[in-house]
Amino acid sequence: MMMRCQKLFFWALLLFFVLTSMPIVCLADEYREVQASEILNQIEKGEDVNLTNCRIIGELNLNEIKLENIPNPKYNESLKSGYYYSEGYLESHGVNIKIIKSNIVIRNSIFENNLDFSDCLFTKSFSFAKVNCSSTANFRNTTFGDSAVFWECTFGDSANFLNSTFGDSANFLNSIFGNYASFRGCTFGDSANFLNSIFGDSASFKGCTFGDSAVFWGCTFGDSASFQHSIFGDSANFMKSTFGDYTDFTDSTFGDSAAFVFATFGDYANFRYSTFGDSASFSYSAFDDSAFFEEVCFSNTSDFQWANFDDTVDFSGTLFNEVTLNGTDFKEMRVSWNSLENSLVFDGPTYVKLIQNFRSLEQFEDADAAYYQYRKHCQAEKSWTPFSKEGSKWCDILMWFTCGYGVKPFRAFYLGSLIVLLFSFIYLGFPTASWRNRENAESAQKSIIKTLLSLIPKIDWPNPGISRLSDNNDSNQKVTFWDSFYFSMVTFTTVGYGDWYPKDNFRKWVMFEGFLGWVTLGLFLVTLTNVMMRP
């Protein structure tokens with residue numbers, strides 16, 4: 001029995017060692033070790049490097065080998081520009097560039113130590129596919145040929161591509177960057193593809209120039225993502241990207257299309273002073289905190305449909321051409337109505353929300369102007385049929401003409417002045433015209449002015465519609481225009497001093513003017529109170 005137990009224990013222990021050693025054996029078979037010095041030797045000789053399933057041991061530093069050098073044009077341009085640059089800035093450009101004449105293709109491999117390809121010019125293909133750079137990867141001031149592939153690569157603490165130049169295509173599809181990724185000052189060719197890439201704490205693309213297409217679809221950025229002063233070509237695609245605490249696109253320029261649809265922004269999103277081309281779409285995007293679009297220029301269409309701003313969104317000084325805010329949710333929007341008046345696509349609930357926003361910010365003139373525009377749009381959509389469900393257009397036209405929908409009190413004042421003037425002529429009666437005394441009109445002794453005046457017919461009102469109470473028995477009493485104007489004003493304001501009275505045929509006009517005066521003065525007072533008495 002004891003022997004059986006010992007044998008059972010032995011076979012169990014053996015099975016355990018076999019099972020635990022299998023991954024190590026498989027791993028040893030999958031990744032073969034290659035010394036970095038071997039790769040450096042191949043590059044120095046101009047031989048192609050083609051590695052698959054390797055673990056590269058040692059620091060791969062191209063500064064340790066002798067290569068053909070050429071002067072760095074960027075460094076020389078900086079010296080000749082006449083501007084003062086710090087030593088650190090000049091150093092970042094490198095004095096000379098090393099020429100790499102090898103095709104470098106490395107797949108499914110691991111770099112155990114630092115990787116330094118800085119200040120290099122790759123004349124042939126460069127491809128890293130499923131490569132893991134455990135420590136730092138330095139490609140500062142490097143120039144790649146037609147195509148640079150970093151497909152599904154993983155970068156450790158730092159990935160430095162400062163001031164690098166990429167050819168027609170740069171592919172970082174599904175790559176993972178560690179704590180710090182710097183592409184500051186880079187120039188990308190026709191295509192830059194960072195689809196579904198993940199960036200660590202900090203990602204810097206400050207001052208970059210992108211070609212026709214820049215794809216950041218589905219990317220995840222850590223604490224900080226900086227695209228300040230960058231220039232994007234025809235298309236910039238950030239759809240479904242997730243940005244961390246700090247996102248900065250200050251003073252960036254976007255080409256034909258900029259798409260941030262379904263993007264998510266953290267605490268701070270800054271697009272100040274940026275310029276957008278034909279299309280800028282932020283529809284269904286979410287801003288967790290403040291968003292700044294101050295002094296931004298949207299050249300054509302800008303779409304913020306169903307975007308969600310949890311805090312303040314600032315559009316101060318922004319220029320819109322055509323903007324859509326349908327379904328946009330915001331806590332506070334800082335914008336002037338002048339920016340939106342001729343560019344906002346009409347949507348009733350959006351207008352109502354903007355009006356409430358203006359009032360809460362004490363921008364009462366903007367609130368009135370927005371309400372006026374809102375009523376005009378609603379009026380255009382109504383039917384001419386009286387007593388229709390949505391309301392009659394006739395009532396809206398009357399409100400528009402008399403008081404500007406309750407926000408323009410001086411319209412009622414001007415209307416009242418016009419009514420008083422009109423009835424002043426009515427009370428004068430029907431006019432008659434007669435020629436002035438034209439005797440000796442052509443006499444040389446008379447001045448030209450008197451001659452011209454004599455040619456103007458004289459207009460009289462022989463049958464006025466009002467009479468002075470003190471001249472009740474005088475049938476030939478004269479009534480001047482000012483007398484008629486005075487009576488019209490007294491009637492309109494319903495004062496009625498009693499020194500003038502209407503004749504029989506004109507009493508209906510007096511009654512009608514009194515009614516119009518009562519209504520017009522009421523509209524004026526109500527509208528003036530609405531405008532002047534703010535909360």
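Residues numbered from 1 in each chain as written. Predicted model: local features only at pLDDT ≥ 70, side-chain atom pairs only at ≥ 80, totals over all residues. Heavy atoms only, no water.

### Quick notes on a negative patch on the surface
- A contiguous patch of negative charge, built from D146, D168, D190, D212, D234, D256 and D278, is present on the exposed surface.
- Counting through the fold element by element, D190 comes out in the loop between β18 (180-182) and β19 (191-193). (Patch = residues over 30% accessible without salt bridge, like charges linked within 9 Å, V, L, I, M, F, W, Y side chains within 5 Å. Areas by Shrake-Rupley, 256 points an atom, 1.4 Å probe, with all protein chains shown as cover. Salt bridge = Lys/Arg side-chain N within 4 Å of Asp/Glu carboxyl O. Lys, Arg positive; Asp, Glu negative; His and termini not counted. Charge placed at Lys NZ, Arg CZ, Asp CG, Glu CD. Helix = DSSP H or I, 4+ residues; strand = E, 2+ residues; numbered from the N terminus.)

### Observations regarding the sheet that holds strand β8 (residues 110-111)
- Sheet architecture is open: 5 strands sit in the order β1-β3-β8-β12-β15, paired in parallel fashion. Strands at the two margins of the open sheet, each flanked by one partner only, are β1 (32-35) and β15 (154-155).
- Sheet analysis places strand β3 (residues 54-57) next to β8, joined by 2 bridges and oriented parallel. Counterpart to R55 in the pairing with β8 is I110.
- Sitting on the sheet, helix α2 (residues 36-44) touches β1 and β3, and the angle it makes with β1 is about 55 degrees. (Pairing = 2+ DSSP bridges. Contact = heavy atoms within 4.5 Å. Axes fitted to C-alpha atoms, helices over the stretch in contact; angles between N-to-C directions.)

### Looking at the packing of helix α9 (residues 409-427) against helix α11 (residues 481-492)
- Between α9 and α11, the shortest axis-to-axis distance is 8 Å and the interhelical angle comes to 130 degrees. On the basis of the axis angle, α9 is oblique to α11. Two packed elements cross with a definite hand, and for α9 against α11 that hand is right-handed. From α9, G416, I419, V420, L421, F423, S424, F425 and Y427 reach across to α11, where they touch F481, S484, F485, F487, S488, M489, T491 and F492.
- For the contact of α9 with α11, the class distribution of residues is 11 nonpolar, 5 polar and no charged. (Parallel < 35°, antiparallel > 145°, perpendicular 65-115°, else oblique. Left-handed = near helix turned anticlockwise from the far one by under 90°. Nonpolar A, V, L, I, M, F, W, Y, C, P; charged D, E, K, R; others polar.)

### Considerations on the nonpolar core
- Within the largest apolar cluster, 95 residues are counted, with the highest numbers of intra-cluster contacts made by F150, F183 and F293.
- Judged by nonpolar contacts, the second largest core, of 13 residues, contains I419, F423, V479 and V510. (Core = buried A, V, L, I, M, F, W, Y, C linked by side-chain atoms within 4.5 Å. Buried < 20%, exposed > 50% of the residue type's maximum accessible area, 1.4 Å probe, protein only.)

### A word on the packing of aromatic side chains
- Taken as a whole and assessed by the stated rule, the structure comprises 112 aromatic pairs.
- Relative to F221, the ring of F199 lies with its centre 4.8 Å away and its plane at 0 degrees, an arrangement referred to as stacked. Here the residue F199 occupies a position in the loop between β19 and β20 (202-204), and F221 occupies one in the loop between β21 (213-215) and β22 (224-226), the gap between them amounting to 22 residues. The pair F199 / F221 is uniform in exposure class, with both members buried.
- Between the NZ or CZ atom of K408 and the centre of the ring of Y372, over which it lies, the distance is 4.7 Å. (Phe/Tyr/Trp six-rings, centres within 6.5 Å; stacked < 30°, edge-to-face > 60°. Lys NZ or Arg CZ within 6 Å of the ring centre and 35° of its normal.)

### Topic: the pairing of strand β11 (residues 126-129)
- Covered by surrounding structure in β11 are F126 and F128 together with S127 and A129, the residues of both alternating faces.
- In the sheet, strand β7 (residues 104-107) pairs with β11 via 4 bridges, with the strands oriented parallel. Across the sheet, V105 pairs through a bridge with S127, a residue of β11.
- Direction of pairing for β11 relative to strand β14 (residues 147-151): parallel, over a ladder of 4 bridges. Bridge pairing in β14 places F126 opposite A148.

### Focus on the environment of T123
- One can find T123 in the loop between β10 (120-122) and β11.
- Note on T123: relative accessible area 46%, which makes it partly exposed.
- Along the chain, T123 and I100 lie 23 residues apart, while their C-alpha atoms are 6.2 Å from each other.
- Among the polar contacts listed, one links the side chain of T123 to the backbone oxygen of I100, at a separation of 3.0 Å. (Polar contact = N/O pair within 3.5 Å; in protein donor to acceptor, adjacent residues only side chain to side chain.)

### Considerations on helix α12 (residues 507-532)
- Taking 1.5 Å per residue as the helical rise, α12 with its 26 residues ought to reach 38 Å, and the 37 Å between its terminal C-alpha atoms agrees with that figure.
- Three or more residues of α12 are buried, namely V510, E513, G514, G517, T520, F524, T527 and V531.
- Packed against the buried residues of α12 are α7 (364-381), α8 (393-403), α9, α11 and β40 (500-502). (Expected span 1.5 Å × (residues − 1).)

### Focus: the pattern of salt bridges
- All chains considered together, the criterion is met by 8 salt bridges.
- The closest approach of N and O atoms between R55 and E112, which form a salt bridge, is 2.8 Å. In this pair, R55 is assigned in strand β3 and E112 in the loop between β8 and β9 (115-116), connecting sequence segments 57 residues apart.
- Under the relative-accessibility criterion, R55 is labelled buried at 18%.

### Looking at the packing of α8 against α9
- At their nearest, the axes of α8 and α9 sit 6 Å apart, and the two run at 85 degrees to each other. Taken together, α8 and α9 sit at an angle that is classed as roughly perpendicular. Contacts between α8 and α9 pair W400, F401, T402 and C403 from the former with R411, A412 and L415 from the latter.
- Here the residues of the contact of α8 with α9 are counted per class, giving 5 nonpolar, 1 polar and 1 charged.

### Considering the side chain of S343
- Within the secondary structure, S343 sits in the loop between α5 (337-340) and α6 (348-360).
- Engagement of the side chain of S343 in a polar contact is seen with the backbone oxygen of S339, the distance being 3.0 Å.
- Residues within four places of S343 in sequence aside, it is in contact with F320, N321, E322 and V323.

### Quick look at the pairing of β7
- Here strand β2 (residues 49-52) runs beside β7; their pairing, made up of 4 bridges, is parallel. Looking across to β7, one finds that V49 is bridged to I104.

### Concerning the sheet that holds β7
- The strand order across the open sheet built from 12 strands is β2-β7-β11-β14-β17-β19-β21-β23-β25-β29-β33-β35, with neighbouring strands paired in parallel fashion. The open sheet has two edge strands, β2 and β35 (322-324), and neither has a second partner. The sheet shows a mean angle of 5 degrees between the axes of neighbouring strands, direction not considered.
- Both strand β17 (residues 169-171) and β19 contribute to a ladder of 3 bridges, which runs parallel. Paired with S169 across the bridge in β19 is S191.

### Describing the confidence of the model for the protein chain
- Per-residue pLDDT for the protein chain has a mean of 85; in total, 82% of the residues score no lower than 70.
- Predicted confidence for residues 20-29 stays below pLDDT 50, and this span has 1 contact to residues more than four positions away or in other chains.
- Across residues 81-86 the pLDDT falls below 50, and counting only partners more than four positions away or on other chains, this stretch makes 3 contacts in the model. (pLDDT = per-residue confidence, 0-100.)

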